Amino acid sequence: MSVPTHGIDFLRQAEVVGRLKAGLPESSVLFQAEDTRPFETDGLSAYRQLPMVVALPASDDEVQFCLRACHELGVPVIARGAGTGLSGGALPSAAGVLLVTARMMRILALDPVARIARVQPGVRNLAISEAAAPYGLYYAPDPSSQIACSIGGNVAENAGGVHCLKYGLTVNNVMRVRGFTMEGAAVEFGSEALDAPGLDLAALVTGSEGMLAVITEVTVKLVPKPERARVIMASFDDVERAGQAVAAVIAAGIIPAGLEMMDQPATRAVEEFVHAGYDLDAKAILLCESDGTPEEVEEEIARMKSVLERAGATAMRVSRDEAERLTFWAGRKAAFPAVGRISPDYYCMDGTIPRKRLGEILNFIAAMEKKYGLRCPNVFHAGDGNLHPLILFDANDPDQLHRTEQFASEVLQKCIEVGGTVTGEHGVGIEKINEMCVQFAPEELEAFRGVKRAFDPAGLLNPAKNIPTLHRCAEFGKMHVRAGRLPHPDLPRF
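The following refers to the structure shown.

Cut-offs used in this document
- Residues numbered from 1 in each chain as written.
- Predicted model: local features only at pLDDT ≥ 70, side-chain atom pairs only at ≥ 80, totals over all residues.
- Heavy atoms only, no water.
- Helix = DSSP H or I, 4+ residues; strand = E, 2+ residues; numbered from the N terminus.
- Rg over C-alpha atoms; globule rule 2.2 N^0.38 Å.
- Contact = heavy atoms within 4.5 Å.
- Lys, Arg positive; Asp, Glu negative; His and termini not counted.
- Charge placed at Lys NZ, Arg CZ, Asp CG, Glu CD.
- Phe/Tyr/Trp six-rings, centres within 6.5 Å; stacked < 30°, edge-to-face > 60°.
- Buried < 20%, exposed > 50% of the residue type's maximum accessible area, 1.4 Å probe, protein only.
- Pairing = 2+ DSSP bridges.
- Axes fitted to C-alpha atoms, helices over the stretch in contact; angles between N-to-C directions.
- Expected span 1.5 Å × (residues − 1).
- Core = buried A, V, L, I, M, F, W, Y, C linked by side-chain atoms within 4.5 Å.
- Salt bridge = Lys/Arg side-chain N within 4 Å of Asp/Glu carboxyl O.
- Polar contact = N/O pair within 3.5 Å; in protein donor to acceptor, adjacent residues only side chain to side chain.
- 1 Å grid on protein atoms, 1.4 Å probe; cavity = no way out; pocket = protein on both sides within 12 Å on 5 of 7 lines; lining within 4 Å.
- Points joined across faces, edges and corners; volume = space filled by probe spheres on them.
- Nonpolar A, V, L, I, M, F, W, Y, C, P; charged D, E, K, R; others polar.

When you go through the chain residue by residue, the secondary structure sums to 17 helices and 18 strands. Against the 2.2 N^0.38 benchmark of 23 Å for 494 residues, the chain shows a C-alpha radius of gyration of 23 Å, consistent with a compact globule. Reported as C-alpha extents along the three principal axes, the dimensions of the chain are approximately 65 × 60 × 45 Å. The long-range share in the chain, meaning contacts at least 24 apart out of those at least 6 apart in sequence, stands at 72%. Taken together, the 49 basic and 63 acidic charged side chains of the chain have centroids lying 1 Å from each other.

Following this line, the structure appears as structure tokens:
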């Protein structure tokens, strides 16, 4: 599903630039190719497109001005934060304005008594925890890109992280969201109270991928930093047995602070990069963390060790101190850049499945490696069934990119077949828009379009993302028929 590079209408560009410069500083409006090229892609770098114009507002008023101007001109707007997204959700348009909120990076308020922080969208995820640390608090969602990703993008994609099993995704940690509609109307969803009146629109906007409103302020929950945390690194001689162990831990009534899985190709790539002390002989490892009071942690670690031993773990190591615990997690969080050292490019996927099907999916991915002639290390948010297969390829070879896309599509459809979804935290963007045709019936997709029209009647906010048209679904179905890959009988037909 490569995105073609369309030419920019320079007369239209001049009109838009002129209008935006009437309300923004000249340095905040970029349109020369050498200035806009850094914004041509997000973390899914296989797809690139130069934006017609890049706007860099530094305040709510400037965001509102940009939106009103673009609405009057009928120009699409794509909101972008730090650009670390992995689904092409912030891919620019050659006919639109890329509205970048990176300059809005102030922590507006931090209340340690109420345990909340009010921040602008450009604030880095990790910066919130750093600001809250003197009060013994932190912000729980911790995507692997937390040193760089911004909270506005986290809200747009409903980001997770290695500790989301116990502490929840972004949606579970956001109390209030403020911003503007495409028309420039101010909107506010949620509340600093325990509940807000009316429909839960804060949950609707969280994860809406910039299609409903542009976020300019977020109020997040802060939680107390645990007194102690320890991690078990458990080794397994079979990936399917490791997957079954994940289900066994949850079935025992244990909710670890983190429960991650890496197969042998992933651990070997990571160990060369981070030197985390991983077991390189194991076919798969699990990282199982417990946090809380010292007494709670010791009891839970003992229970988890017992479950893992019965599930077939061949070896176990428990972090001796905080430094070793952080080293174990540093390896997992560095999985993506580590893989980037051994391949020209990689395609990071994001399907979600029932935990009990982890082993089955791993075996399916192994079969796809042979079918498409591509390597695929695997890392998982195993506790909640969120997969991150990393397909290795060379983007300079069009055939490899095509095979990678087909590989990814088959894995996502397998996720749906076993009762999962096409995304857990990275969003749909352009990457998974075809698979939305498989996940949802036409009537369901039309309901999604109805929500979009309620917020953005003109369809100018992040167009051509997330929700496929009926025409796209029909073309995707024809492509499958031609390739001899008919949809699973229990899935919606085209």
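Next comes the rest of the account.
Okay, the packing of aromatic side chains next. Counting across every chain of the model gives five aromatic pairs. Where Phe 189 meets Phe 455, the ring centres are 6.1 Å apart and the plane angle is 55°; that geometry is what we call tilted. Here Phe 189 is found in strand 9 (residues 186-190), whereas its partner Phe 455 is found in helix 16 (residues 442-455), with 266 residues between them in sequence. Considered together, Phe 189 and Phe 455 belong to a single accessibility category, that of buried residues.

A word on the sheet that holds strand 9. Pairing within the open sheet is antiparallel, and its five strands lie in the order 5-6-10-8-9. Edge strands, defined here as strands with exactly one partner in the open sheet, are strand 5 (107-111) and strand 9. Along the sheet, successive strands turn relative to each other by an average axial angle of 10°, direction set aside. Two strands pair when backbone bridges link them, and strand 8 (residues 174-180) and strand 10 (residues 214-221) are joined in this way by six bridges, in the antiparallel orientation. By the bridge assignment for strand 10, Arg 176 is matched with Thr 219. Helix 4 (residues 125-132) contacts strand 5, strand 6 (116-119) and strand 10 of the sheet and is inclined by roughly 45° relative to strand 5.

Our focus in this paragraph is unusual backbone geometry. If you check the backbone angles, Asn 158 has positive phi at about 55° while not being a glycine. Mapped onto the secondary structure, Asn 158 falls in the loop between helix 5 (151-157) and helix 6 (164-167). The backbone phi angle of Asn 466 is positive, close to 70°, even though this residue is not glycine. Within the fold, Asn 466 resides in the loop between helix 16 and helix 17 (470-483).

With 14 residues, helix 3 (residues 60-73) extends 20 Å between its outermost C-alpha atoms, agreeing within 8% with the 20 Å of an ideal straight helix rising 1.5 Å per residue. Those residues of helix 3 that sit buried are Glu 62, Val 63, Gln 64, Cys 66, Leu 67, Ala 69, Cys 70 and Leu 73. Along its buried surface, helix 3 packs onto helix 1 (10-21), strand 2 (53-55), strand 3 (77-80), strand 4 (97-100), strand 8 and strand 10. One or two residues past the end of helix 3 sits Gly 74, with phi positive at roughly 70°.

Checked against the element boundaries, Val 297 lands in helix 10 (residues 294-310). The class of Val 297 is buried, set by a relative accessible area of 0%. Distance from Val 297 to Val 318, taken between C-alpha atoms, is 12 Å for residues 21 residues apart in sequence.

The next point concerns the nonpolar core. With 62 residues, the main nonpolar core has Met 261, Leu 286, Leu 308 and Phe 407 as its most contacted residues. Ignoring any residue separated from it by four or fewer positions in sequence, one finds Leu 308 in contact with Ile 232, Ala 234, Phe 236, Ala 245, Val 249, Leu 286, Cys 288, Ala 313 and Met 316. Grouped together as the second largest cluster of nonpolar side chains are 27 residues, Ala 94, Val 97, Met 104 and Phe 180 included.

This paragraph deals with the pattern of salt bridges. Applying the stated criterion across every chain, the model contains 32 salt bridges. The shortest N-O distance in the salt bridge between Arg 118 and Glu 217 comes to 3.5 Å. One end of the pair, Arg 118, is in strand 6; the other, Glu 217, is in strand 10, with 99 residues separating them in the sequence. We note a salt bridge from Arg 325 to Glu 322, for which the minimum N-O separation is 2.7 Å. A residue pair is termed a helical-turn pair when its members lie 3 or 4 positions apart in one helix, as Arg 325 and Glu 322 do in helix 11 (residues 322-333) at three residues. For Glu 322, a relative accessible area of 37% puts it in the partly exposed group. Each member of the salt-bridge network shares a partner with another, and the members are Arg 118, Arg 176, Arg 178, Glu 188, Glu 192 and Glu 217.

The next thing to look at is the sheet that holds strand 3. One open sheet holds the four strands; their spatial order is 1-2-4-3, and the pairing between them is mixed. For this open sheet the edge positions go to strand 1 (29-30) and strand 3, each flanked by a neighbour on one side alone. In this structure, strand 1 lies alongside strand 2, joined through two bridges in antiparallel fashion. Bridge assignment links Leu 30 to a residue of strand 2, and that residue is Val 54. In the packing of helix 1 onto the sheet, contacts are made with strand 1, strand 2 and strand 4, and the angle to strand 2 comes to roughly 15°. With respect to the sheet, helix 3 is in contact with strand 2, strand 3 and strand 4, its orientation differing from that of strand 4 by roughly 165°.

What follows is about the environment of Phe 364. Tracing the backbone shows Phe 364 in helix 13 (residues 358-372). Assessed through its relative accessible area of 19%, Phe 364 is described here as buried. Along the chain, Phe 364 and Ala 114 lie 250 residues apart, while their C-alpha atoms are 47 Å from each other. Residue contacts for Phe 364: discarding those within four places in its chain leaves Glu 410, Val 411 and Lys 414.

Moving on, we come to helix 14 (residues 398-417). An α-helical turn contains 3.6 residues, so a residue and the one three or four places further along point in the same direction. Look at helix 14: 29 Å from first C-alpha to last across 20 residues, which is about the 28 Å you get at 1.5 Å a residue. Among the 20 residues of helix 14, 15 are classified as buried, and the element is accordingly described as predominantly covered. The residue sitting at the N-terminus of helix 14 and contributing the capping side-chain oxygen is Asp 397; that oxygen lies 3.0 Å from the backbone nitrogen of Asp 399.

The next subject is the layout of surface pockets. The calculated volume of the second largest pocket comes to roughly 600 Å³. At the level of secondary structure, the elements contributing two or more residues to the lining of the second largest pocket comprise helix 7 (201-205), helix 15 (436-439) and helix 16. At three residues, the largest contribution of residues to the lining of the second largest pocket is made by helix 16. Among the residues making up the lining of the second largest pocket, the classes are represented as eleven nonpolar, ten polar and four charged.

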